[in-house]
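# Observations on chain architecture
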Amino acid sequence: MRTIITGGSGLIGRTLAAELAAAEHEVIILSRTPGRVSGLPAGARAVGWDGRSAEGWQDLADGATAIVNLAGESIAAGRWTAARKQRIADSRHQAGAAVVQAVAGATTSPQVVIQASAVGYYGPRGDETITEDSAPGDDFLAQVCVPWETSTEEVERLGVRRAIIRTGIVLSRDGGALPQMMLPFRLFAGGPLGSGRQGFPWIHHADEVSAIRWLIEREDACGPFNLAAPETLTNAEFGRVLGRVMRRPAFMPTPGFALRLVLGELSTLLLDGQRQVPQRLLDHGFTFRFPTAEAALRDLLA
Ligand SMILES: NC(=O)c1ccc[n+]([C@@H]2O[C@H](COP(=O)([O-])OP(=O)(O)OC[C@H]3O[C@@H](n4cnc5c(N)ncnc54)[C@H](OP(=O)(O)O)[C@@H]3O)[C@@H](O)[C@H]2O)c1
């Protein structure tokens, strides 16, 4: 079993590599700087690619079990200038094109392509309940996610099963949103962001990677899947749980205008949200290890 993970050096990819290597997969992490990818588990190795073609890894795609396409410029690394927005979109479309090229060039096709996407597909939806049947949004993130999802659609015409993961906010000790969210709570200044009524779609990183593995293994799983915990919370409700687990107060609101001033359009990540329900995972019988925020945060902050 060989699984190729584009952008596998990142937060999700590293945890996924460990999960799959432990399950006896040969794991190939495609990185633009493979020499800098360290600390991989036994059974995983980094291979170089250019982020836009199958050059250098075409032969590895031949007969692979799965290609998991996670690569893309970080959306939270800084203010969304026009140049950064372009990189966020282009890097994802180019990675998708590379995956299609690798699948088309393989003598024996990979069995499945797992295509990354994000809850941002749905656009800002307040606390409206969102399932996979909900329509896409039309803000910047939705405009990134919609073509990102279709960037690997061609593999289906080549006879390859494809599942799309619309991931919520991945909670991990090692990076992503959680360590940053904890900062104000540490300083006794935690609380709701903006109105606090916006949905806060979250998932424990262990459930994120076990859902991806499950989608690789389930031969009947195709199409979009919301990867978010079944307990849907608003931003204020999540903040209250975080405060309780950290034994810190959670009543200090951060006004929306202040976040907009500091972060510009990027503030949408904090001020807008969705109540994202993992309807299709639940319908297919997937079991979450951390279905509630309380359980997830107690595990992560233990
Ligand atoms: N973490 C979350 O909460 C979350 C939620 C929803 C969706 N997602 C999406 O899921 C994917 C994986 O998430 P993550 O948190 O693991 O991301 P991450 O930590 O930012 O890792 C993404 C990887 O993509 C590669 N990359 C960055 N810029 C690139 C570019 N211009 N061209 C090609 N590759 C590039 C990098 O690998 P190299 O530098 O080694 O090439 C990086 O390690 C991302 O696309 C992200 O948008 C994440």
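Our structure's up above, just so we're on the same page.
Keep in mind that this is a model prediction, so the values were computed, not measured. (Residues numbered from 1 in each chain as written. Predicted model: local features only at pLDDT ≥ 70, side-chain atom pairs only at ≥ 80, totals over all residues. Heavy atoms only, no water.)

## Thoughts on the sheet that holds strand β1 (residues 2–6)
This is how it is decided: Strands qualify as paired when DSSP identifies two bridges or more between them. Put simply, DSSP marks the helices as runs of H or I at least four residues long and the strands as runs of E at least two long, and each gets a number from the N terminus on. What counts as an axis is a line fitted to C-alpha atoms, over the stretch in contact for a helix, and the angles between N-to-C directions run from 0 to 180 degrees.
With respect to topology, seven strands assemble into an open sheet ordered β3-β2-β1-β4-β5-β7-β12, the strand pairing being parallel. Each edge of the sheet is formed by a strand with only one pairing partner; in this case those strands are β3 (44–48) and β12 (223–227). The sheet shows a mean angle of 20 degrees between the axes of neighbouring strands, taken without regard to direction.

## Here's the deal with the sheet that holds strand β8 (residues 169–172)
Keep this limit in mind: Any two residues having at least one pair of non-hydrogen atoms within 4.5 Å are treated as being in contact.
Pairing in this open sheet of three strands is mixed, and the strands run β9-β8-β11 from one edge to the other. Of all the strands in the sheet, the pair left with one neighbour each is β9 (175–176) and β11 (202–204). Two elements, β8 and β9, share two bridges in a ladder whose sense is antiparallel. Bridge pairing links Leu171 to Gly176 in β9. Against the sheet, helix α7 (residues 205–217) makes contact with β8 and β11, and its axis sits at roughly 85 degrees relative to β11, the strand it touches most.

## A short note on the state of the cysteines
Cut-off, in case you're wondering: Put simply, a disulfide is two cysteine sulfurs that come within 2.5 Å. Only protein chains enter the area calculation, which uses a 1.4 Å probe; residues under 20% of their type maximum are buried, those over 50% are exposed, and those in between are partly exposed.
Here the structure, examined in full by the defined rule, presents zero disulfides. Note on Cys145: no disulfide assigned, nearest cysteine sulfur contributed by Cys222 at a separation of 20 Å. For Cys145, a relative accessible area of 3% translates into the label buried. A relative accessible area of 40% means that Cys222 is categorised as partly exposed.

## Remarks on the site of the ligand
Quick reminder of the rule: Here a residue is near a molecule or strand as soon as one of its heavy atoms is found within 4 Å of it. Whenever a nitrogen or oxygen atom comes within 3.5 Å of another N or O atom, the pair is scored as a polar contact, on the condition that within protein one atom can donate a hydrogen and the other can accept it, and that pairs from neighbouring residues in sequence are kept only if both atoms are in side chains. Calculation of accessible area relied on Shrake-Rupley with a 1.4 Å probe; when residues are assessed, cover is drawn exclusively from the protein chains displayed. Residues are grouped as follows: Ala, Val, Leu, Ile, Met, Phe, Trp, Tyr, Cys and Pro are nonpolar; Asp, Glu, Lys and Arg are charged; every other residue, Gly included, is polar.
The environment of the ligand is made up of 20 residues, and the closest members are Ser9, Ile12, Ser31, Arg32 and Arg92. Note that an oxygen atom of the ligand is positioned 2.6 Å from one of the side-chain N or O atoms of Ser9. For the ligand, whose accessible area on its own is 880 Å², the fraction buried by protein is 80%. For the shell around the ligand, the elements supplying multiple residues, two or more each, are α1 (11–22), α3 (82–105), β5 (112–118) and β8. Split into classes, the residues belonging to the shell around the ligand amount to eight nonpolar, nine polar and three charged.

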